[in-house]
Amino acid sequence: MPRMMKRSGVHLLVILTAAFAVRAFADDKLMPPHVAFDIASTALNETRHINVYTPPGYAGAKDVRYPVLYMPDGGLQEDFPHVATDVDTAIRAGEMRPMIVIGIENTERRRDMTDPTEIDSDRKIAVHVGGSAIFRRFIADELMPEIRHRYRTTNNTAIVGESLAGLFVLETFFEQPKLFETYIAFSPSLWWNNQALMHAAGERLKRMQQKKKTLYVASASDDGIEAGIAELQSALRANAPQGLKWSYEARSDLKHSTIYVSASPNVFRKLFPLKPKDN
């Protein structure tokens, strides 16, 4: 079997294992209060289900606006339960600034999270792949305006994702760095399209405007993305624009299937601490 096909088979197994772990976790997790709505997307030509968590006191604080954390894989059988719970727990403990969480439930996950690929084995992970640009257009042009209309938000936005969703987070950082202020990628699937995103990272960073942004990336012990991570770090060290605060953590104590659930509580507290005015 060709080496690339072996690697893709391993990556697919990791992706499926992570998905099953998330579903099992979601079934057992006690969710904080939340609501949901559907949005008809012209870009995607389908209706998408959106889950929304608002922080404690939101209903009574009529003059207060809140930052927003967006998340792909945001269904109730996906990552929304543990992310909303992590955020709610940290806010109630006074260890994180209050914020809104927007979970985007999947329809065709591997279509939405991937850009086009030249690798035949990549195309075998799903019937449809390569739709990330359209999915990003849905978020930017349809979902975010709807959230601003429905909820009291600030211009401070973040996005978080794991595995293929982590790849989407990094791609969005390079393609539309102005879209969010904070980008969080757990175990991003950097192997996609023979690491093309990482190969172009240096040149893209050179062209990036100097604005205040935060980028956090973490990998697990069994991700198999060491080469891509090394290339990303090298590009960031050499070409990160002024104002970009970036960090990388190698979580050798965690696996691909556990890194999101295990690492996110501390990461959220670190990236979204209480400001003096929040106390």
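Let us look at the structure shown here. (Residues numbered from 1 in each chain as written. Predicted model: local features only at pLDDT ≥ 70, side-chain atom pairs only at ≥ 80, totals over all residues. Heavy atoms only, no water.)

## Quick look at the packing of aromatic side chains
For clarity, the cut-off: Classification of ring pairs rests on two measures: the distance between centres of Phe, Tyr or Trp rings, Trp counted by its six-membered ring, which must be within 6.5 Å, and the angle between planes, read as stacked under 30 degrees, edge-to-face over 60 and tilted in between. Each helix corresponds to a stretch of at least 4 residues labelled H or I by DSSP, and each strand to a stretch of at least 2 residues labelled E; elements are numbered beginning at the N terminus. Residue exposure (1.4 Å probe, protein chains only): buried if accessible area is under 20% of the type maximum, exposed if over 50%, otherwise partly exposed. Here, a charge over a ring means that NZ of Lys or CZ of Arg falls within 6 Å of the ring centre while also lying within 35 degrees of the ring normal.
Per the stated rule, a full pass over the model turns up 12 aromatic pairs. Between the aromatic rings of Phe-135 and Phe-168, the centroid separation amounts to 5.2 Å while the plane-to-plane angle is 55°, which identifies the pairing as tilted. Highlighted residues: Phe-135 in helix α5 (residues 132-150) and Phe-168 in helix α6 (residues 164-175), separated in sequence by 33 residues. The two residues Phe-135 and Phe-168 agree in class, both being buried. Between Phe-186 and Tyr-260, the aromatic rings sit 5.3 Å apart at their centres with planes inclined by 35°, giving tilted as the arrangement. Note that Phe-186 is positioned in strand β6 (residues 182-186) and Tyr-260 in helix α10 (residues 259-271), a separation of 74 residues in sequence. In this pair, the class of Phe-186 matches that of Tyr-260, namely buried. Grouped by ring-pair contacts, the aromatic residues Tyr-70, Phe-173, Phe-174, Phe-180 and Tyr-183 constitute a single cluster. Across from the ring centre of Tyr-58, 4.1 Å away, lies the NZ or CZ of Arg-152, which sits over that ring.

## Quick notes on the pairing of strand β8 (residues 244-251)
Selection rule: Note on pairing: two strands pair once DSSP finds at least 2 bridges between them.
Pairing analysis gives 8 bridges linking strand β7 (residues 213-220) to β8, with the strands arranged parallel. Its bridge partner being in β8, Thr-214 is matched across the sheet by Lys-245.

## Digging into the sheet that holds strand β1 (residues 35-41)
Basically, it comes down to this: Whenever a helix is involved, its axis is fitted only over the stretch in contact; in every case the axis is a line through C-alpha atoms, and angles between N-to-C directions fall within 0 to 180 degrees. Any two residues having at least one pair of non-hydrogen atoms within 4.5 Å are treated as being in contact.
Spatial strand order, β1-β2-β4-β3-β5-β6-β7-β8: 8 strands in an open sheet with mixed pairing. Both edges of this open sheet fall to β1 and β8, since each of them pairs with a single strand only. The mean angle between the axes of side-by-side strands here comes to 20°, regardless of whether they run parallel or antiparallel. Bridge analysis of strand β2 (residues 46-53) against strand β4 (residues 100-104) gives 4 bridges, and the strand direction is antiparallel. By the bridge assignment for β4, Asn-51 is matched with Gly-103. This element, α5, spans β1, β2, β3 (66-71), β4 and β5 (153-162) of the sheet and lies at about 130° to β1. Helix-sheet contacts for α6 involve β5, β6, β7 and β8, and the interaxial angle to β5 is about 135°.

## Overview of the nonpolar core
Quick reminder of the rule: Only buried residues count toward a nonpolar core, which is a set of Ala, Val, Leu, Ile, Met, Phe, Trp, Tyr and Cys residues joined through side-chain atoms within 4.5 Å.
If you look at the biggest cluster of nonpolar residues, it comprises 52 residues, and the most contacted ones within it are Ile-50, Ile-102, Phe-138, Leu-143, Leu-170 and Phe-174. When sequence neighbours within four positions are dropped, the list of residues in contact with Ile-102 reads Ile-50, Asn-51, Val-52, Val-68, Leu-69, Tyr-70, Met-71, Leu-143 and Ile-147. By size, the runner-up hydrophobic cluster in this structure holds 27 residues, among which are Phe-80, Ala-220, Leu-254 and Ile-259.

## Observations concerning the pairing of β1
Note: β1 against β2, 7 bridges, orientation antiparallel. In the sheet register, Ser-41 faces β2, and the bridge partner there is Glu-46. The antiparallel hairpin formed by β1 and β2 contains 4 residues in its connecting segment, where Asn-45 sits at a positive phi of about 60°.

## Section: helix α9 (residues 226-239)
Stated formally: What a helix should span is 1.5 Å times the count of its residues minus one. Arc definition: it is the arc formed by the directions from the helix axis to the C-beta atoms.
The terminal C-alpha atoms of α9 lie 20 Å apart, and with 14 residues this matches the ideal 20 Å at 1.5 Å per residue to within 8%. Where α9 is concerned, the buried positions are Gly-228, Ile-229, Leu-232, Gln-233, Ala-235, Leu-236 and Asn-239. With its buried residues spanning 165° around the axis, α9 presents them on a single face. Exposed residues pointing more than 90 degrees away from the buried face of α9 are listed as Glu-226, Arg-237 and Ala-238.

From the geometry alone we can't say anything about function, so treat these as descriptive.
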